[in-house]
Amino acid sequence: LNDVPVEYFCSLDEHGKRRDLVERPELTSGTVEFVAPQEYMVRPPMPPVYFFMLDVSASAKCSGAVRSTVSAIRASLDKLTGDGRARIGIMTFDETLHFYDLSGKKSIPQMFVVSDLEEPFLPVPDDLLVNLADAREQVDALLDSLYEMHSP
């Protein structure tokens with residue numbers, strides 16, 4: 001058994017839940033971030049990575065899920081943490097997987113299709129994640145074109 005510090009103890013309410021449940025985010029949230037002071041770091045922290053996967057199947061388009069998801073992603077881009085170091089990637093799927101090169105080497109993002117769903121692979125391992133600040137134009141261009149790009 002693990003010893004629990006006395007200060008962590010809390011009585012239960014009439015529903016069998018801790019009375020301090022709202023005061024302890026680690027009990028109610030899927031993730032909790034703790035910022036480590038400099039003395040705990042051997043190297044600078046890695047940049048945060050955000051990889052968005054969107055269902056672009058015919059049923060997702062008909063239900064409005066594609067437009068809603070694109071709107072939600074667009075709204076969240078300016079709120080992502082990372083101090084200009086955040087990296088982003090986007091993948092869409094229907095009967096196949098679609099990866100996008102957002103590196104800016106081309107004026108419009110290039111799509112790579114992986115049709116083998118039994119043994120999927122990364123078509124270009126180096127260009128799928130890009131710095132959001134550097135590739136914002138390519139990300140916005142891709143989000144603008146996703147609905148029309150995947151017509152049923």
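The structure we're discussing is the one just above.
Note that this is a predicted model, so its numbers are computed, not measured.

### Observations concerning the layout of surface pockets
In this structure, the largest pocket encloses a volume near 250 Å³. Looking at the largest pocket, the residues that line it are Glu 33, Phe 34, Val 35, Ala 36, Met 41, Pro 45, Met 46, Pro 48, Thr 81, Gly 82, Asp 83 and Arg 85.

### Comments concerning the nonpolar core
In terms of nonpolar packing, the biggest core is built from 19 residues, with Leu 54, Leu 77, Ile 90, Val 139 and Leu 143 touching the most fellow members. Excluding residues that lie within four positions of it along the chain, Leu 54 makes contacts with Thr 69, Val 70, Ile 73, Ile 90, Met 91, Thr 92, Phe 93 and Leu 146. Among the nonpolar cores identified, the runner-up in size contains six residues, and Met 91, Leu 97, Phe 112 and Leu 128 belong to it.

### Notes on the environment of Val 66
Examined against the element boundaries, Val 66 turns out to sit in helix H3 (residues 65-77). Sequence separation between Val 66 and Asp 144 is 78 residues, and the spatial gap between their C-alpha atoms is 11 Å.

### Some words on the pattern of salt bridges
Two side chains carrying opposite charge are able to pair once their charged atoms lie near each other. Taken as a whole and judged by the stated rule, the model has six salt bridges. Put simply, Arg 74 and Asp 140 hold a salt bridge, and the shortest N to O gap is 3.6 Å. Within this pair, whereas Arg 74 is found in helix H3, its partner Asp 140 is found in helix H4 (residues 136-149), the two being separated by 66 residues in sequence. Using a relative accessible area of 30% as the deciding quantity, one classes Arg 74 as partly exposed. Among the salt bridges present, the one from Arg 136 reaches Asp 140, with a minimum N-O distance of 3.3 Å. Taken together, the positions of Arg 136 and Asp 140, both in helix H4 and four residues apart, correspond to about one turn of that helix. Residue Arg 136 is classed as partly exposed on the basis of its relative accessible area of 23%. Here the residues in one salt-bridge network are Arg 74, Asp 78, Arg 136, Asp 140 and Asp 144, joined through shared partners.

### Section: H3
The terminal C-alpha atoms of H3 lie 18 Å apart, and with 13 residues this matches the ideal 18 Å at 1.5 Å per residue to within 8%. Among all positions in H3, only Val 66, Val 70, Ile 73 and Leu 77 are buried. The arc that holds every buried residue of H3, seen down its axis, measures 65 degrees, which confines them to one face. Tucked inside the fold, the buried residues of H3 contact strand S1 (49-55), helix H2 (58-63), strand S2 (87-93) and H4.

### Quick look at a nonpolar patch on the surface
On the surface, Val 49, Phe 51 and Met 53 cluster together into a nonpolar patch covering about 280 Å² of accessible area. Locating Phe 51 in the fold gives a position in strand S1.

### A closer look at the packing of aromatic side chains
This model, assessed by the stated rule, comprises zero aromatic pairs. Taking NZ or CZ as reference, Arg 18 lies 4.6 Å from the ring centre of Tyr 8, over its face.

### Examining the pairing of S2
Of all seven residues that make up S2, five are buried, and the element is covered over most of its length. Sheet analysis places S1 next to S2, joined by seven bridges and oriented parallel. What sits directly across from Leu 54, in S2, is Thr 92. Both S2 and strand S5 (residues 130-131) contribute to a ladder of two bridges, which runs antiparallel. Residue pairing for S5: Arg 87 is matched across the bridge by Asn 131. Pairing analysis gives three bridges linking S2 to strand S3 (residues 97-101), with the strands arranged antiparallel. The partner of Met 91 across the bridge, within S3, is Phe 99. Linkage of S2 to S3, two consecutive antiparallel strands, is achieved through a turn of three residues.

Calculation notes
- Residues numbered from 1 in each chain as written.
- Predicted model: local features only at pLDDT ≥ 70, side-chain atom pairs only at ≥ 80, totals over all residues.
- Heavy atoms only, no water.
- 1 Å grid on protein atoms, 1.4 Å probe; cavity = no way out; pocket = protein on both sides within 12 Å on 5 of 7 lines; lining within 4 Å.
- Points joined across faces, edges and corners; volume = space filled by probe spheres on them.
- Core = buried A, V, L, I, M, F, W, Y, C linked by side-chain atoms within 4.5 Å.
- Buried < 20%, exposed > 50% of the residue type's maximum accessible area, 1.4 Å probe, protein only.
- Contact = heavy atoms within 4.5 Å.
- Helix = DSSP H or I, 4+ residues; strand = E, 2+ residues; numbered from the N terminus.
- Salt bridge = Lys/Arg side-chain N within 4 Å of Asp/Glu carboxyl O.
- Expected span 1.5 Å × (residues − 1).
- Arc of directions from axis to C-beta.
- Patch = residues over 30% accessible without salt bridge, like charges linked within 9 Å, V, L, I, M, F, W, Y side chains within 5 Å.
- Areas by Shrake-Rupley, 256 points an atom, 1.4 Å probe, with all protein chains shown as cover.
- Phe/Tyr/Trp six-rings, centres within 6.5 Å; stacked < 30°, edge-to-face > 60°.
- Lys NZ or Arg CZ within 6 Å of the ring centre and 35° of its normal.
- Pairing = 2+ DSSP bridges.

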